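As a plain string of letters, each chain reads:
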Amino acid sequence: SKNHMALAELRLYKVTPGTGESVKLEDAVYETRYMPFGNEYRIDIDWLATKAPGVPKVRIDVDGGYYQIHYDKETYRTAQITIDGNGMYDDFEGFVNIKGRGNSTWSYPKKPYRLKFDSKQKPFGLTNGKSWVLLANYQTGSFFANAIAMKIGQLAQVPYTNHIVPVDLYMDGEYRGSYMFTEKVGFGNNSVDIDEDTGNCFMLELDEYYDETYKFKSSYYNLPVNVKEPDLSDYDYYTAQDKLSAIKSSFTQLEEALYYGESIEPYLDLETASRYMLANDIVLGQEIGHPKSSYLWREDVTSPDSKLILGPMWDYDWAFGYETKKDYCTVDHASSVFASSMYGQPGYNFYGAITRHPEFKRYYYKAWKEFVSKGHINEL
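A short tour of the structure in this document, coming up. Source: prediction; values computed, not measured.

Right, let's talk about the overall build of the chain for a bit. When helices and strands are counted, the chain shows nine helices and 18 strands. Every one of the 380 residues in the chain was classed for burial, and the buried ones make up 45%. In the chain, of all internal contacts separated by at least 6 residues, the share reaching a separation of at least 24 is 62%.

And the structure:
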């Protein structure tokens, strides 16, 4: 035109990757009018993320100061806790006991913590319980790793999968970073909800740290087996040894059948095992190959109807390819949960034998087919 003006119209579209389908982005703020050539214009878009309210704030004031727990993960310290739900959750205020926790994560500058109330509480509307955990997510890029893994566990119906609530943590008035509030894995109605009073239940952690007081190396796969529940130190020596012997015998029954290619269905709940392994396959949870952070439990060691159950799921900081690439989501999506670098390690042999067993394969196919048919991939 003679005055060097042109009709400028901006149109923004949301394009779905893979399909090419596009929808006009109505939330964009733009206008149509005559403008001079050669100018640059700023476009403001109201993204959905900016509409979400801020995450809840957790404030913890430790008796004697924060550094009472900074170097100590053995001793509980009394503290006052205040939760600001930020309009998403109910506020809460009270007293709590706090200490450090974790294995490799405890060595990082940003520490994870365990919280224990004197009586059962239900912060963030979760199930009543005394014991909770604050995960630090120190590794670069890890803020979503456990949240996504637990969501997948819930979609796959892995029993007693944890809930994840992101929070901003303040201690002694100072901001300590983005944390995840979640249940502590163990027996109790806010984690594995079974009748503990029978005294016949147990929970094991297969973990190469091998740092519990009561533990054993398994007979066929040389697995480092830690007894997490019950606390056998609460019993006299002879009772504790009897319970440890019964626990070891229960685990050995599964191992022996697996090692010799016999039926494992009498000893392992294959329905839940298939869902547990499906979730680990999707997130590429390769720590089971060592093994690390791998749980299994049994409700009644005296009952032939009670079987070992894999789970609950726990600790996916090193999933999504981090185990091999030290970065998230950069490996081939078809990579095996059994990393070749772990070939021959106890977890690789044990869990690999389970997944190759014909009885397991039938259940796994059913679990995967259900996951797909219910639309969980799109939901995820």
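Turning to helix H4 (residues 237-259), a few remarks are in order. Taking 1.5 Å of rise per residue, the 23 residues of H4 would be expected to cover 33 Å, and the 32 Å separating its terminal C-alpha atoms lies within 8% of that figure. Considered for burial, the residues of H4 that qualify are Ala240, Leu244, Ile247, Ser250, Phe251, Thr252, Leu254, Glu255, Ala257 and Leu258. Tucked into the core, H4 has its buried residues touching strand S14 (202-206), strand S15 (215-217), strand S16 (224-229), strand S17 (294-298) and helix H7 (346-356). Two or three places before tyrosine 238, at the opening of H4, aspartate 236 has a side-chain oxygen 3.1 Å from that residue's backbone nitrogen. Immediately beyond the C-terminal end of H4, within one or two residues, lies glycine 261, with a positive phi of roughly 75°.

Turning our attention to the packing of aromatic side chains. All chains considered together, the criterion is met by 26 aromatic pairs. Their ring planes at 85° and their centres at 5.0 Å tell us that tryptophan 318 and tyrosine 322 sit as a pair that is edge-to-face. Looking at tryptophan 318, the relative accessible area reads 23%, which means it is partly exposed. Under the relative-accessibility criterion, tyrosine 322 is labelled buried at 14%. On the numbers, 5.5 Å between centres and 75° between planes, the contact of tyrosine 343 with tyrosine 348 is edge-to-face. Exposure remark for tyrosine 343: the relative accessible area of 64% places this residue in the exposed category. Its relative accessible area of 18% is what places tyrosine 348 among the buried residues. Taken together through their ring pairs, the aromatic side chains of Phe216, Tyr220, Tyr221, Phe251, Tyr259, Tyr260, Phe350 and Tyr351 make up a single cluster.

With that out of the way, let us pick up the sheet that holds strand S18 (residues 309-310). In space, the five strands of this open sheet follow the order S15-S16-S14-S17-S18, with antiparallel pairing throughout. Both edges of this open sheet fall to S15 and S18, since each of them pairs with a single strand only. In the sheet, S17 pairs with S18 via two bridges, with the strands oriented antiparallel. In the strand pairing of S18, leucine 296 is matched with leucine 310.

All told, the structure shown has ten salt bridges when counted by the stated rule. The partner of arginine 77 in a salt bridge is aspartate 72, and the shortest N-O contact between them spans 4.0 Å. Residue class for arginine 77 comes out partly exposed when judged on its relative accessible area of 28%. Overall, the relative accessible area of 17% leaves aspartate 72 in the buried class. With its nearest N and O atoms 3.6 Å apart, the salt bridge here joins glutamate 174 to arginine 176. Here the salt bridges share partners, and the residues they tie into one network are Glu271, Arg275, Lys366, Glu370 and Lys374.

With that out of the way, let us pick up the environment of arginine 59. Relative to the helices and strands, arginine 59 is located in strand S7 (residues 57-62). With relative accessibility at 34%, the residue arginine 59 sits in the partly exposed group. The spatial distance from the C-alpha of arginine 59 to the C-alpha of alanine 79 is 9.9 Å, given a sequence separation of 20 residues. Leave out the neighbours within four places in its chain, and arginine 59 touches Gln80, Ile81, Thr82, Asp84 and Tyr170.

At a minimum axis distance of 5 Å, the contact between H7 and helix H8 (residues 358-373) shows a crossing angle of 70°. As the angle between them shows, H7 and H8 are arranged roughly perpendicular. Contacts between H7 and H8 pair Ile354, Thr355 and Arg356 from the former with Pro358, Phe360 and Lys361 from the latter. Looking at the contact of H7 with H8, its residues break down into three nonpolar, one polar and two charged.

Their axes nearest at 10 Å, the elements H4 and H7 cross at an angle of 65°. The angle between the axes of H4 and H7 places the two elements in the roughly perpendicular class. Considering only the axes of H4 and H7, their crossing is left-handed. Residues Phe251, Leu254, Glu255 and Leu258 of H4 form the contact with H7, whose participating residues are Phe350, Ala353 and Ile354. Taken together, the residues of the contact of H4 with H7 break down into six nonpolar, no polar and one charged.

With that settled, consider the sheet that holds strand S8 (residues 77-84). Taken together, the seven strands give a closed barrel; going around it, the order is S7-S8-S9-S10-S11-S13-S12, and neighbouring strands pair in mixed fashion. For this sheet, the mean inter-axis angle between neighbouring strands, taken without regard to orientation, is 35°. In terms of strand pairing, strand S12 (residues 165-171) meets strand S13 (residues 174-183) through seven bridges, oriented antiparallel. Within S13, the residue paired with tyrosine 170 across the bridge is tyrosine 175.

The subject of this paragraph is the pairing of S8. Relative to S8, S7 runs antiparallel, the two sharing six bridges. By the bridge assignment, isoleucine 60 is partnered in S8 with isoleucine 81. Alignment of S8 against strand S9 (residues 92-100), held across seven bridges, turns out to be antiparallel. By the bridge assignment, threonine 82 is partnered in S9 with glutamate 93.

Rules of the game
Position numbers for residues count from 1 along each chain, tracking the sequence in the order it is written. Local features are withheld for residues below a pLDDT of 70 in this predicted model, meaning they are given only at 70 or higher, and side-chain atom pairs are given and counted only at 80 or more; totals for whole chains, interfaces and linings count all residues. For side-chain calculations, the full set of non-hydrogen atoms in the structure is used, while hydrogens and water are omitted. Helix numbers and strand numbers start at the N terminus; a helix is a DSSP run of H or I with at least 4 residues, a strand a run of E with at least 2. Throughout, exposure labels follow a simple rule: accessible area from a 1.4 Å probe, protein chains only, divided by the maximum for the residue type, with under 20% read as buried, over 50% as exposed, and the rest as partly exposed. Whether two residues touch is decided by their heavy atoms; if any such pair falls within 4.5 Å, the residues are in contact. What a helix should span is 1.5 Å times the count of its residues minus one. Here a polar contact is taken to be a pair of N or O atoms separated by no more than 3.5 Å, where protein atoms must pair a possible hydrogen donor with a possible acceptor and residues adjacent in sequence count only if both atoms sit in side chains. Pairing of aromatic side chains requires ring centres within 6.5 Å, counting the rings of Phe and Tyr and the six-membered ring of Trp. Pairs whose planes differ by under 30 degrees are stacked, by over 60 edge-to-face, and all others tilted. Strand pairing is defined by DSSP finding a minimum of two bridges between the two strands. We define a salt bridge as a side-chain nitrogen of Lys or Arg found within 4 Å of a carboxyl oxygen belonging to Asp or Glu. Lines fitted to C-alpha atoms define the axes, with helix axes restricted to the stretch in contact, and inter-axis angles between N-to-C directions lie between 0 and 180 degrees. By the definition adopted for this analysis, an angle is roughly parallel if under 35 degrees, roughly antiparallel if over 145, roughly perpendicular if from 65 to 115, and oblique otherwise. Throughout this entry, Asp, Glu, Lys and Arg are counted as charged residues, while Ala, Val, Leu, Ile, Met, Phe, Trp, Tyr, Cys and Pro are counted as nonpolar. The remaining residues, Gly among them, count as polar. Left-handed describes a crossing whose near helix is turned anticlockwise from the far helix through less than a right angle; right-handed describes the clockwise counterpart.

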